[in-house]
Amino acid sequence: MKPSDLKATLSFSDGSPSIDLPVYAGSIGPDVVDIRKLYAQTGKFTYDPGFMSTGACQSTITFIDGDKGELLYRGYPIEQLATQCDFLDTCYLLLYGDLPNAKQQTDFKTLVTQHTMVNEQMQFFLRGFRRDAHPMAVMTGLVGALSAFYHDSTDVHNPKHREVAAIRLIAKMPTLVSMSYKYGIGQPYIYPKNSLSYAANFMRMMFGTPCEEYEPNDVLVRAMDRIFILHADHEQNASTSTVRLCGSSGTNPYAAIAAGVACLWGPAHGGANEACLNMLEEIQRMGGVDKIGEFITQVKDKNSNVKLMGFGHRVYRNYDPRAKLMRESCHEVLGALGLQDDPLFKLAMALEKIALEDDYFVSRKLYPNVDYYSGIVQRAIGIPVSLFTAIFALARTAGWIAQLNEMIGDPEYKIGRPRQLYTGSVRRDVKPVAKR
Ligand code: SDX
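Residues numbered from 1 in each chain as written. Predicted model: local features only at pLDDT ≥ 70, side-chain atom pairs only at ≥ 80, totals over all residues. Heavy atoms only, no water.

Asks: Before we move on, could you go through the overall build of the protein and cite the residues and values that matter?
Replies: Secondary structure assignment for the protein yields 18 helices and six strands. A compact globule built from 436 residues should have a C-alpha radius of gyration of about 22 Å, and the protein, at 24 Å, falls within 12% of that. Seen through its C-alpha atoms, the protein measures out along the principal axes to roughly 80 × 65 × 55 Å. Looking at the protein as shown, the accessible area adds up to about 21800 Å², and 53% of this sits on carbon and sulfur atoms. For the protein, the distance from the average position of its 46 positive side-chain charges to the average position of its 46 negative side-chain charges is 8 Å. (Helix = DSSP H or I, 4+ residues; strand = E, 2+ residues; numbered from the N terminus. Rg over C-alpha atoms; globule rule 2.2 N^0.38 Å. Areas by Shrake-Rupley, 256 points an atom, 1.4 Å probe, with all protein chains shown as cover. Lys, Arg positive; Asp, Glu negative; His and termini not counted. Charge placed at Lys NZ, Arg CZ, Asp CG, Glu CD.)

Structure follows, in structure tokens:
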């Protein structure tokens, strides 16, 4: 970051001394006012629950322009990455800062492929769960448990350990997600097959069985790979901020990523794709397209607590560019499967059209986000609804570990420790129970 010519001066109406706050500019996007010395100089904190106006770090990884609906990974537009690259190219880009050349691409894919198996003990860890456990409960446990197996890559202050942990996490997430699925349906685990691409390998571990050869469907594999790319990173969202804050204590990378998995599970965040598909199925049960108006009325009634899942975003005040790409994937996948008349897809498009013409949503800048169509694509691919967020976590692991390594690799980083505005009881003395 570079000092801006701009200065910010903070003055107080009680005549206490004003202070100058440095302003820094990034390469693109909003400037930041540096308040690091504010408390020392004024005895006051800033107040920003939800971090609506707070830059928690500087980063070179992902840039979002919420007004333009722009998303860049290391400067490359998501539209170009999603159509010209694959997920492992995107992982390489997020980790190392640029797209791989041919040799780097081959070496990276070989390295990841050779780390896709997990320790055989992991399967016994799964047995501790009920078969009907939610996959995100299983994944939170499994990812954290990785730190019990890989002691040779847990020192986050060792760059080599950080790189080994990144490769292991990216390589093993598909194996763990498919194991949590197979465990839930009572089928045997399918081991990775090194001759397959990352996405095809995942599909085979998910849908293959020991009884017959699994033939990957190229259209579905491509759609799965695109889902991974679109979910790979997204600036300082809730789960990435969780990973950074957790990792700032110096804990091992597996524990920090497990914290990200736990945060992503929430329906306001990564759990929205599961909630969105459940919402569409509920409207379908209510009567489908004819019942959209009734549903929208419920959404507008604050007391109903009903939200239009897959709509709205803290940063995108215009269309989420990922939603457009996901909708394209919907068309491709449903067309390839002969499901272009899929009632749920038609319902989703009708609901989107109605919402985008309704002032309630337009005035609140509520547009479809990445989760709105991702559930329909995943359902068409055969992914069970309960696994949608685990797929999101699989993809976002690349961004989480890149962001964690960027933070830990910055010699200036400190353990995150926010303060508060205290509104509780002032000091008082304990009274004997008879006098309370
Ligand atoms: C992801 O941060 C990221 O980058 C996240 C993510 C990533 O890649 O990491 O992009 C992934 O999490 C996408 C978002 C998935 N969540 C959902 O689809 C759940 C539904 N959306 C909402 O819960 C909500 O829009 C949020 C959480 C996404 C954003 O909430 P904000 O920015 O805190 O906005 P808000 O709740 O203050 O809403 C502003 C207004 C409110 O109405 P008023 O009080 O002004 O009258 O819009 C309303 C809200 O009630 N509103 C909605 C709504 N979202 C916001 N009303 C109906 N349906 C919705 N979906």
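Read on, since the account is not over.
Asks: Pulling in residues and values, what's your account of the site of the ligand?
Replies: Among the 24 residues in the neighbourhood of the ligand, the closest are listed as His 234, Leu 308, His 313, Arg 322 and Arg 396. Between the ligand and the protein, one listed contact pairs a nitrogen atom with a backbone N or O atom of Leu 308 at 2.8 Å. In the environment of the ligand, an oxygen atom lies 3.2 Å from a nitrogen or oxygen atom belonging to the side chain of Arg 364. A total of 1100 Å² of accessible area belongs to the ligand in isolation, and the protein chains cover 77% of it. Here the residues of the shell around the ligand sort into 10 nonpolar, seven polar and seven charged. (Near = heavy atom within 4 Å. Polar contact = N/O pair within 3.5 Å; in protein donor to acceptor, adjacent residues only side chain to side chain. Nonpolar A, V, L, I, M, F, W, Y, C, P; charged D, E, K, R; others polar.)

Asks: Can you tell me about the pattern of salt bridges, naming the residues and giving the values?
Replies: In this structure the tally under the stated criterion is 18 salt bridges. Residue Glu 352 pairs with Arg 327 through a salt bridge whose shortest N-O separation is 3.0 Å. Within this pair, whereas Glu 352 is found in helix 15 (residues 343-356), its partner Arg 327 is found in helix 14 (residues 321-336), the two being separated by 25 residues in sequence. Look at Glu 352 and you get buried, because its relative accessible area is 4%. With a shortest N-O distance of 3.9 Å, Lys 346 and Asp 341 are connected by a salt bridge. Judged by its relative accessible area of 41%, Lys 346 falls in the partly exposed class. (Salt bridge = Lys/Arg side-chain N within 4 Å of Asp/Glu carboxyl O. Buried < 20%, exposed > 50% of the residue type's maximum accessible area, 1.4 Å probe, protein only.)

Asks: Outline the nonpolar core, listing residues and values.
Replies: Counting 120 residues, the largest nonpolar core has Met 224, Phe 228, Met 279, Leu 280 and Ile 381 as the members making the most contacts within it. Examining the composition of this core, we find that 14 residues originate from one element, helix 18 (residues 388-408), more than from any other. Among the nonpolar cores identified, the runner-up in size contains five residues, and Ala 8, Ile 19, Val 23 and Leu 38 belong to it. (Core = buried A, V, L, I, M, F, W, Y, C linked by side-chain atoms within 4.5 Å.)

Asks: Which residues make up the sheet that holds strand 6 (residues 76-77), and what are the values?
Replies: Read from one edge to the other, the open sheet built from three strands follows the order 4-5-6, with strand pairing classed as antiparallel. This sheet does not close on itself; its edge strands, each paired only once, are strand 4 (62-65) and strand 6. With two bridges joining them, strand 5 (residues 70-73) and strand 6 adopt antiparallel strand pairing. Pairing of Tyr 73 across the sheet is with Tyr 76, part of strand 6. (Pairing = 2+ DSSP bridges.)

Asks: For the pairing of strand 4, give the residues involved together with the corresponding values.
Replies: In strand 4, alternate side chains face the same way, and those of Thr 62 and Ile 64 on one face and Phe 63 and Asp 65 on the other are all buried. When strand 4 meets strand 5, the two strands line up antiparallel, connected through four bridges. Within strand 5, the residue paired with Asp 65 across the bridge is Glu 70.

Asks: Describe the packing of helix 12 (residues 272-286) against helix 17 (residues 370-381), and please don't skip the residues or the numbers.
Replies: In a packed pair of helices, the relevant descriptors are the angle between the two axes and the axis-to-axis distance. Contact geometry of helix 12 with helix 17 gives a least axis separation of 8 Å together with a crossing angle of 75°. With respect to helix 17, the axis of helix 12 lies roughly perpendicular. Residues Ala 272, Asn 273, Cys 276, Leu 277, Met 279, Leu 280 and Glu 281 of helix 12 touch helix 17, and the partners they reach there are Asp 371, Tyr 372, Ser 374, Gly 375, Ile 376, Gln 378 and Arg 379. Each residue belonging to the contact of helix 12 with helix 17 can be placed in one class, and the counts come to seven nonpolar, four polar and three charged. (Axes fitted to C-alpha atoms, helices over the stretch in contact; angles between N-to-C directions. Parallel < 35°, antiparallel > 145°, perpendicular 65-115°, else oblique. Contact = heavy atoms within 4.5 Å.)

Asks: Account for unusual backbone geometry, naming residues and giving values.
Replies: In this structure, Glu 235 is a non-glycine residue whose phi angle is positive, near 60°. Relative to the elements of secondary structure, Glu 235 occurs in the loop between helix 9 (218-230) and helix 10 (238-247). Phi is positive for Asn 305, close to 60°, though the residue is something other than glycine. Locating Asn 305 in the fold gives a position in the loop between helix 13 (292-300) and helix 14.

Asks: Talk me through helix 13; I want residue IDs and the actual numbers.
Replies: Among the residues of helix 13, Ile 292, Phe 295, Ile 296 and Val 299 are the ones counted as buried. Mapping the buried residues of helix 13 onto a view down its axis gives an arc of 100°, with all of them on the same face. Those residues of helix 13 that are buried lie in contact with helix 12, helix 15 and helix 16 (359-363). (Arc of directions from axis to C-beta.)

Asks: Describe the pairing of strand 5, listing the residues and the values that go with them.
Replies: In this structure, the hairpin formed by strand 4 and strand 5 is closed by a connection of four residues, where Gly 69 is found at a positive phi of approximately 70°. The antiparallel pairing of strand 5 with strand 6 creates a hairpin that spans two residues between the two strands, and Arg 74 there sits at a positive phi of about 55°.

Asks: Residue-level account of the sheet that holds strand 2 (residues 19-25), with values.
Replies: One open sheet holds the three strands; their spatial order is 1-2-3, and the pairing between them is antiparallel. Every other strand in the sheet has two partners, leaving strand 1 (2-10) and strand 3 (32-33) as the edge strands with one partner each. In the sheet, strand 2 pairs with strand 3 via two bridges, with the strands oriented antiparallel. The partner of Tyr 24 across the bridge, within strand 3, is Val 32.

Asks: Can you explain the environment of Thr 154? Please cite residues and give values.
Replies: Note that Thr 154 resides in the loop between helix 6 (135-145) and helix 7 (159-185). Thr 154 gets classed as partly exposed once you look at its relative accessible area, which sits at 23%. Other than its neighbours up to four places away in sequence, Thr 154 contacts His 161, Asn 252, Pro 253 and Tyr 254.

Asks: Please give an account of the packing of helix 7 against helix 18 that cites residues and values.
Replies: In the contact formed by helix 7 and helix 18, the axes pass within 9 Å of each other and the chain directions differ by 170°. Here helix 7 lies roughly antiparallel to helix 18, going by the angle between them. Residues Arg 162, Ala 166, Leu 169, Ile 170, Met 173, Pro 174 and Val 177 of helix 7 form the contact with helix 18, whose participating residues are Ala 390, Ala 393, Leu 394, Thr 397, Ala 398, Ile 401, Asn 405 and Ile 408. Of the residues that constitute the contact of helix 7 with helix 18, the class distribution is 12 nonpolar, two polar and one charged.

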